[in-house]
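These are the residues of each chain, in order.
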Amino acid sequence: DTVGLFHIRGDGGFGLKQPTFQEDPLVAYLSLKLGRPVRWIEERYENFMTGGHARDTRFNYRAAYRKDGTVTGIDIEVIADVGAPTALCGYGMSFVTWYCLPTMYRILNSRLKLNSVVTNKCPWNSYRGYGKDAASFVMERVMDQVSRAIATDRAAVRYTNFIQPDEFPWPQPSGAILDSGNYSALLKRLLELIDYEGFAEYQAAQRAQGRRVGLGISMELTPEGASVPNSLIIGGFDGSTVRIGPTGQVTVLTGVTSPGCGNETAMAQIAAENLHCDISRVKVIQGDTESCPWGLGNYSSRAVMLGGSAVEKAATVLAERMGIVAAEMLEADNIDIVCEDERFFVKGNPDQYVEFKDVVAQFYRHPHGPYMESSEPALEFTHHFRIENVYHQPERQGRLSTYPAWPYGAAACIVEVDVETGFVNIERYVYVHDAGRIVNPLLAEANLHGGISQGIGGAMYEEILYDDNGQPTTATFMDYTIPTAVEIPHYEIDHMETPSPFTPLGAKGVGESGV
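A brief look at the structure comes next. All values derive from a computational prediction rather than experimental measurement. (Residues numbered from 1 in each chain as written. Predicted model: local features only at pLDDT ≥ 70, side-chain atom pairs only at ≥ 80, totals over all residues. Heavy atoms only, no water.)

## Re the layout of surface pockets
Note the threshold: We place a 1 Å grid over just the protein atoms. Points where a 1.4 Å probe fits but has no way out form a cavity, open points with protein on both sides within 12 Å along at least 5 of 7 lines form a pocket, and any residue with an atom within 4 Å of a point lines it. Grid points are joined across faces, edges and corners, and a volume is the space filled by probe spheres set on the points.
Here the second largest pocket is characterised by a volume of approximately 240 Å³. Looking at the second largest pocket, it is lined by 14 residues, and the ones nearest its centre are Ser227, Arg386, Ile387, Val390 and His392.

Written out as structure tokens, the structure reads:
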């Protein structure tokens, strides 16, 4: 028997829903066995205990450096408590932490060691950031410690050690190939927005009033688009079909799904932009195994980077086919045809045109007409986009690398600490991000708001605790504190765009940034 799956809006994923839990196939099996619908409902305390934990990572490191702040060598040991053995894919986060080191810094002598330790705690499961956050955390600690050791400005130490824009693609010791970036320009923009030069004066003025304020800065590197060898669910490709019907309605059927982040809007934008039609014509269908092409869903910020690239390729093919027919209708050479605002015209002569709907009609109403003699009827094309910069053949390629795109960001935070209670209040939070080309700035910023908020939660509020008998003591939201709108500050966000050379859109992904 075959099972069809239709994925409705997921209302958030954050990694936890990526792997297949035992209950998922069991529910489908029981439904077939009993011949009736079966529903499985999990209690929140059950999820706390068995749904998956993350981030229990420790580091030992040593760094060699010159007086000018150049880090000449680094020795890092990663110790990750991944919990009990499991089929969930969370343990892979420890590998990704090791794999990302030494992040965006040009350290030619690196020794990196990973110890993934199995214990009797709840198993790790995928969680937003997927180990990349831990790698950035330790490297930023290294840079701050070097700056203190040589009494040099912490930003200057980072500038000294950044990989430079003309050095990409950059090979890291783990096998990773960083695709593109301009880390110095990003940090410079961040420091301008936070008024880094003027902070000392502000700090002194606040101290005179009895307030203790501090400023922290940090860089992050969050590779995306994971592709694992011999995997059916984690691959560096995805498929999309673009269909233009007889009425001119555009249907996009894509293999990526939306966990509620709005990527279907971006798919519609990409299709409309490449077909030169109004976005109101476009309908996007996701997550239907009966109608959508083979795809791998939503994880590792891959929706626009891979699924969107497939839409771009398929839409471009249809636009070219329509251009050929429009050229016949206008008695011109198709290389001279331009399409803007649903009008096809000869370059330099926009007043003589044929409309989008009239060109579409030729493919359905007049397949044997004079304008269709060299064109195939109907308008539909499926493309499976496979991203480059993935290396799965170490014997031949000399490396194993699973992430093709490397978005990055920089954060600055001004906080006040109550010296009597230790309470930390975030006054300002500024974040500058580079995810390559941004298709929809509103959705990108919404993703960043969520990522930053989860990062604040992990740094200041959230912790899974066990008692002496190994029983979890934080199994409800009464005990496990997460930040709410009251605790979350106003975010000041800015973007840079350094396009990836490995995607037609130049997009890199934004879903895990900010953590």
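Okay, back to it.
## Observations regarding the packing of helix α8 (residues 263-275) against helix α9 (residues 303-330)
Stated precisely, the cut-off is as follows: Axis angles are defined between N-to-C directions and span 0 to 180 degrees, where every axis is a line fitted to C-alpha atoms and, for a helix, only to the segment in contact. Strands here are runs of E lasting at least two residues and helices are runs of H or I lasting at least four, both read from the DSSP assignment and numbered beginning at the N terminus. If an angle is under 35 degrees, it is roughly parallel; if it is over 145, roughly antiparallel; if it lies from 65 to 115, roughly perpendicular; otherwise it is oblique. Two helices crossing with the near one rotated counterclockwise from the far one by less than a right angle form a left-handed crossing, whereas a clockwise rotation gives a right-handed crossing. The criterion used for residue contact is that any of the two residues' heavy atoms lie within 4.5 Å.
Two elements in contact, α8 and α9, have axes separated by 8 Å at closest approach and are oriented at 25°. On the basis of their axis angle, the class for α8 and α9 is roughly parallel. Every pair of crossing elements has a handedness; the one defined by α8 and α9 is right-handed. Touching Asn263, Ala266, Met267, Ile270, Ala271, Asn274 and Leu275 of α8 are Ala303, Val304, Gly307, Gly308, Val311, Glu312, Ala315, Thr316, Leu318 and Ala319, all from α9.

## Concerning the pattern of salt bridges
Cut-off, in case you're wondering: By definition here, a salt bridge exists when the distance from a side-chain nitrogen of Lys or Arg to a carboxyl oxygen of Asp or Glu is within 4 Å. Note on classification: 1.4 Å probe, protein chains only; a residue is buried when its accessible area is under 20% of the maximum for its type, exposed when over 50%, partly exposed between these limits.
Tallying each qualifying case throughout the model produces 22 salt bridges. The residue Asp81 makes a salt bridge to Lys121 at a minimum N-O spacing of 3.3 Å. Of the two residues, Asp81 sits in strand β2 (residues 71-83) while Lys121 sits in the loop between β3 (109-118) and α4 (132-149), which places them 40 residues apart along the sequence. Between Lys132 and Glu512 there is a salt bridge, and its shortest N-O distance comes to 2.4 Å. With Lys132 in helix α4 and Glu512 in the segment after β16 (491-496), this pair connects stretches of sequence that are 380 residues apart. The class of Glu512 is buried, set by a relative accessible area of 10%. One network of salt bridges, with partners in common, ties together Asp56, Asp81 and Lys121.

## Quick notes on the sheet that holds strand β12 (residues 349-355)
Each strand in a sheet pairs with another by means of backbone hydrogen bonds, the pair being arranged parallel or else antiparallel. Note the following rule: Pairing between strands is defined by DSSP: at least two bridges between them are needed.
Ordered by their spatial adjacency, three strands build an open sheet running β10-β11-β12, and the pairing between neighbours is antiparallel. The open sheet is flanked by β10 (337-340) and β12, the only strands paired with a single partner. Averaged over neighbouring strand pairs, the angle between their axes works out to 40° when direction is ignored. The sheet contact formed by strand β11 (residues 343-346) and β12 spans four bridges and is antiparallel. Across the sheet, residue Val346 finds its bridge partner in β12, namely Asn349.

## Details of the sheet that holds β3
On the basis of which strands lie adjacent, the open sheet formed by three strands has the order β1-β2-β3 and mixed pairing. Looking at which strands have only one partner, the edges of the open sheet turn out to be β1 (57-65) and β3. Recorded for the sheet is a direction-independent mean angle of 5° between the axes of neighbouring strands. Here α4 sits on the sheet and contacts β1 and β2; the angle it forms with β1, its principal contact strand, is near 40°.

## Focus: the nonpolar core
What counts here: Side-chain atoms within 4.5 Å link the members of a nonpolar core, which is a set of buried Ala, Val, Leu, Ile, Met, Phe, Trp, Tyr and Cys residues.
By size, the foremost hydrophobic cluster in this structure holds 61 residues, and its most contacted members are Met139, Leu178, Tyr183 and Met219. When contributions to this core are tallied by element, the ones reaching two or more residues are β2, α3 (92-100), α4, α5 (154-161), α6 (183-194), β6 (213-221), β14 (408-417) and β15 (424-434). Of all the elements, α4 adds the most residues to this core, at seven residues. The contacts of Met219, once residues within four sequence positions are left out, are Met104, Tyr105, Ser136, Glu140, Arg158, Phe162, Tyr183, Leu186, Leu187, Gly409 and Ala410. Within the second largest apolar cluster, 40 residues are counted, among which are Val282, Leu318, Met322 and Phe363.

## A word on the pairing of β15
As a reminder of what qualifies: With strands facing away from the observer, any crossover in which the path from the first strand over the helix to the second runs clockwise is taken as right-handed.
Pairing between β14 and β15: ten bridges, direction antiparallel. Across the sheet, Val415 pairs through a bridge with Ile426, a residue of β15. Examined bridge by bridge, β15 and β16 share six bridges and lie parallel to one another. Bridging from a neighbouring strand, His433 pairs with His495 of β16. A crossover links β15 with its parallel partner β16, the connecting element being helix α12 (residues 441-460), and its sense is right-handed.

## A few points about the packing of aromatic side chains
To keep things clear, this is the line we draw: For Phe, Tyr and Trp, rings pair up if their centres lie within 6.5 Å, where Trp contributes its six-membered ring, and each pair is then called stacked (planes under 30 degrees apart), edge-to-face (over 60) or tilted (otherwise).
Across all of its chains, the model carries 13 aromatic pairs by this definition. Both rings, one in Tyr183 and one in Tyr408, keep their centres 4.7 Å apart while their planes meet at 90°; by these two values the pair is edge-to-face. Linking Tyr183 in helix α6 with Tyr408 in strand β14, this pair joins segments that are 225 residues apart in sequence. Of the two residues examined, Tyr183 and Tyr408, each falls in the buried class. Seen in terms of ring centroids, Tyr429 and Tyr491 are 5.7 Å apart; in terms of plane orientation they differ by 75°. Their pairing is edge-to-face. Taken as a pair, Tyr429 in strand β15 and Tyr491 in strand β16 lie far apart in primary sequence, 62 residues in all.

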